[in-house]
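Architecture and fold: a report
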Amino acid sequence: MIVPKEQEEEKEKEERHPKPKQHRSRPPTLHLCLLLFTVPVAALFIVTISSLLTSSPYIDSTHNFDLHFPPERNRNSPPSHSTTFPSSSFTADLAPPLPPLPQAEAVIIKSKANIIKAVDTTMEESGPYHNWQLFVQDFKEMMRNFKIYVYPVADATNQTQSQFGPIFLPHQNPFDPKLGNYFSEHMFKLSLLQSSLLTLHPQQAHLFFLPFSINLLRNDPRVHSEASISEFVSRYITRILSDFTFWNASAGADHFYVYCHSVGREAASKFLDLRNNAIQVTCSSSYFQRYYVTHKDVALPQVWPRPNDQPLTPPDARHKLVYFSGRIQNSRIRQELIAVWGNDSYMDIFSGSTPFPYEEGFRRSKYCLHVKGYEVNTARVSDSIHYGCIPVIISNYYDLPFANVLNWSKFSVIINQGEIAFIKKRLLSITRQMYLDMYHNLCQVRKHFLWHKTPRGFDSFHMTAYQLWLRRSMHRLSH
């Protein structure tokens, strides 16, 4: 068949420059199917690439992230079949070794590992603390800004001030061993008066200190009884209201008083605003105590005056498992303790006096029991800490001192009062490494349970003041 020349040229032109084919539009259902297929594939691709680039942290069955990454490998060396994990994580077979990575990916992982290392270092620095860095930052803010005003001696009984002046003034010999359980009460007042937190200008104050001493009132034959002490305190607050305007601005919510004697809980019973609004700083810090309110009041460590310069007995030289010595007359829990464990050769458990010095029991034992007596608190907790013996706290409802700063589980053992029969099993289940970790943490917190005439560092005064600092933001009217 003969093709005209024009048609032949036109066909040759189309072959050299073909026209684009006309595609028919796909139906909407086909678009939807393609979309449903493409999105999961893309997501899977992204997750895969992300996993390779970030070397995802391993997760254990309790949903705790293990942020320790496998050690870096030489790209030319064969992959390792073992991975170093912290003691608290699972074994290496849960996380197979990664293949050699390209250089860019290795740089990314190294950078992230440095960040994680910084986080781990922070956690290690926290040690026995919930968050050491956060605490220190807020503590510095307190030292810069916090101010406390101390009321002067007032005539609370319509008699001459000189007769009851010592009730409000610092104790002349606070390190007298006879003060015993009330040492912290007197040292707080003495330390505050020597502290940079003190202000002589009440308009600058965040909080106001009521400086009466429950211990001295209890030992004063003119007052002594609980009823007389509460009457004395009520008259004193009434006088404060008449001489100063600061109480009325908050109904006493920015005022506080300090005591370690158990009768102190009744001191505010005849003045309702003092009982309901003012802050108690008390050694008798029990959730079960009717006048103690945990978010308002402050737990004060009960400390005896002890020498601070004696070296601690190292862990390997502590040959007794448990030590306890104390009266049992007013404590059913202590009576049960003596009945169950009094003759156990692993333990030194005594009712009353010991055949050796009281302090020696703390020095030669790994664990020292604090068992509830008449109150939830005793000085045995601070004694244990002072002598390097891990405290075992058997006292339900005890609001432990500085519990929002210190992680007590890192340096003590807390046992329910109903589990006296399981003490030995519980303590023997603690591994040597766990014990050494607790001992190390205990050494770190010792400074928080020491008092000084002139407060220093993170001692008992400053730690207690920090608790007050956290409670400073009470709403009050302008003066």
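Residues numbered from 1 in each chain as written. Predicted model: local features only at pLDDT ≥ 70, side-chain atom pairs only at ≥ 80, totals over all residues. Heavy atoms only, no water.

1. Here's the deal with a nonpolar patch on the surface
For clarity, the threshold we go by: In this scheme, patches are assembled from residues that exceed 30% relative accessible area and form no salt bridge. Like charges are connected within 9 Å, while nonpolar side chains (Val, Leu, Ile, Met, Phe, Trp, Tyr) are connected within 5 Å. Using a 1.4 Å probe, the Shrake-Rupley method yields the accessible areas, and only the shown protein chains count as cover for residues. When a carboxyl oxygen of Asp or Glu is within 4 Å of a side-chain nitrogen of Lys or Arg, the pair counts as a salt bridge. Each helix is a run of DSSP H or I of at least 4 residues and each strand a run of E of at least 2, with the numbering of both proceeding from the N terminus.
Taken together, the side chains of Tyr 287, Phe 288 and Tyr 397 present a nonpolar region at the surface, about 400 Å² in accessible area. Within the secondary structure, Phe 288 is located in the loop between strand S7 (279-282) and strand S8 (298-299).

2. Section: the packing of helix H4 (residues 132-145) against helix H16 (residues 460-470)
Using the following cut-off: Lines are fitted to the C-alpha atoms to define the axes, a helix being fitted only along its stretch in contact, and any angle between axes, read from their N-to-C directions, falls within 0 to 180 degrees. Any angle between 65 and 115 degrees counts as roughly perpendicular, while under 35 counts as roughly parallel, over 145 as roughly antiparallel, and the rest as oblique. Residue contacts follow a heavy-atom distance rule, with two residues in contact if any of their heavy atoms lie within 4.5 Å.
The interhelical angle for the contact between H4 and H16, taken along N-to-C directions, is 85 degrees, at an axis separation of 10 Å. In terms of their interaxial angle, H4 and H16 are classed as roughly perpendicular. Residue-level contacts link Phe 135, Asp 138, Phe 139, Glu 141, Met 142, Met 143 and Asn 145 of H4 to His 462, Met 463, Ala 465, Tyr 466, Trp 469 and Leu 470 of H16.

3. Observations regarding the environment of Ala 465
Inspection of the secondary structure assignment puts Ala 465 in helix H16. For the pair Ala 465 and Phe 188, spaced 277 residues apart in sequence, the C-alpha separation works out to 9.2 Å. When residues no more than four places from it in sequence are discounted, the contact partners of Ala 465 are Met 142, Phe 146 and Leu 197.

4. Considerations on the sheet that holds strand S13 (residues 413-414)
Stated formally: At least two DSSP bridges between two strands are required for those strands to pair.
Spatial strand order, S10-S9-S11-S12-S13: five strands in an open sheet with parallel pairing. In this open sheet, the two strands that pair with only one neighbour each are strand S10 (347-351) and S13. In terms of strand pairing, strand S9 (residues 320-326) meets strand S11 (residues 365-371) through three bridges, oriented parallel. Within S11, the residue paired with Tyr 323 across the bridge is Cys 368. Helix H11 (residues 332-341) contacts S9, S10, S11 and strand S12 (390-394) of the sheet and is inclined by roughly 130 degrees relative to S10.

5. Structural notes on unusual backbone geometry
Within the chain, His 224 stands out as a residue other than glycine whose phi angle is a positive 60 degrees. Structurally, His 224 can be placed in the loop between helix H7 (214-219) and helix H8 (226-243). In the Ramachandran plot, Phe 402 falls in the positive-phi region, its phi being about 60 degrees despite a non-glycine side chain. Tracing the backbone shows Phe 402 in the loop between S12 and S13.

6. A few points about the pairing of S12
To keep it simple, the criterion reads: Each residue is assigned to one of three classes by its accessible area relative to the maximum for its type, calculated with a 1.4 Å probe on protein chains only: buried under 20%, partly exposed between the two thresholds, exposed over 50%. Seen with the strands pointing away from the viewer, any crossover whose path from the first strand over the helix to the second strand runs clockwise is right-handed.
For S12, the tally of buried residues reaches five of five residues, placing the bulk of the element in the interior. Residues of S12 alternate between two faces, with Ile 390, Val 392 and Ile 394 on one and Pro 391 and Ile 393 on the opposite face, all of them buried. Strand direction decides the pairing type here: S11 and S12, joined by five bridges, are parallel. What sits directly across from His 370, in S12, is Ile 393. Crossover S11 to S12 through helix H13 (residues 380-387) is right-handed.

7. Examining the pattern of salt bridges
A complete count under the given rule lists 14 salt bridges for this structure. For Arg 222, the salt bridge identified is with Asp 220, shortest N-O distance 2.7 Å. Judged by its relative accessible area of 10%, Asp 220 falls in the buried class. A salt bridge links Arg 239 to Asp 243; the shortest N-O distance between them is 2.8 Å. On the criterion of helical spacing, the pair formed by Arg 239 and Asp 243 is a turn pair, its members being four residues apart in helix H8. A relative accessible area of 28% places Arg 239 in the partly exposed class. Under the relative-accessibility criterion, Asp 243 is labelled partly exposed at 42%. Residues participating in the shared-partner salt-bridge network are Glu 231, Arg 235 and Lys 270.

8. A closer look at the side chain of Arg 265
Among the structural elements, Arg 265 can be located in the loop between strand S6 (255-259) and helix H10 (272-276). Excluding residues that lie within four positions of it along the chain, Arg 265 makes contacts with Tyr 259, Gln 280, Ser 284, Gln 289, Tyr 291 and Glu 375.

9. Side note on the nonpolar core
As a reminder of what qualifies: Here, nonpolar core means buried Ala, Val, Leu, Ile, Met, Phe, Trp, Tyr and Cys residues that are tied together by side-chain atoms lying within 4.5 Å of each other.
Counting 71 residues, the largest nonpolar core has Phe 256 and Tyr 367 as its most contacted members. The greatest single-element share of this core, amounting to six residues, is contributed by H16. What Tyr 367 contacts, discounting residues up to four positions off in sequence, is Leu 321, Val 322, Tyr 323, Cys 389, Ile 390, Val 392, Val 413, Leu 427, Ile 430, Tyr 435 and Met 438. Residues Ile 167, Ile 237, Ala 268 and Leu 274 belong to the second largest nonpolar core, which totals 30 residues.

10. Some thoughts on the environment of Lys 424
Here is the rule: Side-chain atoms alone can form a polar contact between residues adjacent in sequence; in general such a contact is a pair of N or O atoms within 3.5 Å, and within protein one must be able to donate a hydrogen while the other accepts it.
The residue Lys 424 is located in helix H14 (residues 423-428) in this model. Measuring from C-alpha to C-alpha, the distance between Lys 424 and Asp 344 comes to 9.6 Å, with 80 residues separating the pair along the chain. At 3.1 Å, the side chain of Lys 424 forms a polar contact with the side chain of Asp 344.

11. Concerning the state of the cysteines
Just so we agree on the cut-off: Only a pair of cysteine sulfur atoms within 2.5 Å qualifies as a disulfide here.
Under the definition given, this model contains two disulfides. Covalent S-S linkage joins Cys 260 and Cys 283, the inter-sulfur distance amounting to 1.7 Å. Here Cys 283 lies in the loop between S7 and S8 and Cys 260 lies in the loop between S6 and H10, a separation of 23 residues in the sequence. Using a relative accessible area of 4% as the deciding quantity, one classes Cys 260 as buried. Regarding the disulfides, the protein carries the connectivity 1-2, 3-4 under sequence-order numbering of its bonded cysteines.

12. What to know about the packing of helix H6 (residues 183-193) against H16
Our working definition: Only Asp, Glu, Lys and Arg are considered charged, only Ala, Val, Leu, Ile, Met, Phe, Trp, Tyr, Cys and Pro nonpolar, and every remaining residue, Gly among them, polar.
In contact at an axis separation of 10 Å, H6 and H16 are set at 85 degrees when each is read in the N-to-C sense. The angle between H6 and H16 places the two elements in the roughly perpendicular class. Here Phe 188, Ser 191 and Leu 192 of H6 come into contact with H16, specifically with Phe 461, Thr 464 and Leu 468. Grouping the amino acids of the contact of H6 with H16 by side-chain chemistry returns four nonpolar, two polar and no charged.

13. Describing the confidence of the model for the protein
This is how it is decided: Confidence per residue, as judged by the predictor, is encoded in pLDDT with a range of 0 to 100.
In the predicted model, the protein carries a mean pLDDT of 78, and 71% of its residues have values of at least 70. The spread of mean pLDDT over the elements of the protein runs between strand S1 (residues 58-59), the lowest at 29, and helix H15 (residues 432-445), the highest at 98. A low-confidence stretch, residues 20-26 stays under pLDDT 50, and its non-local contacts, those more than four residues away or across chains, total one contact.

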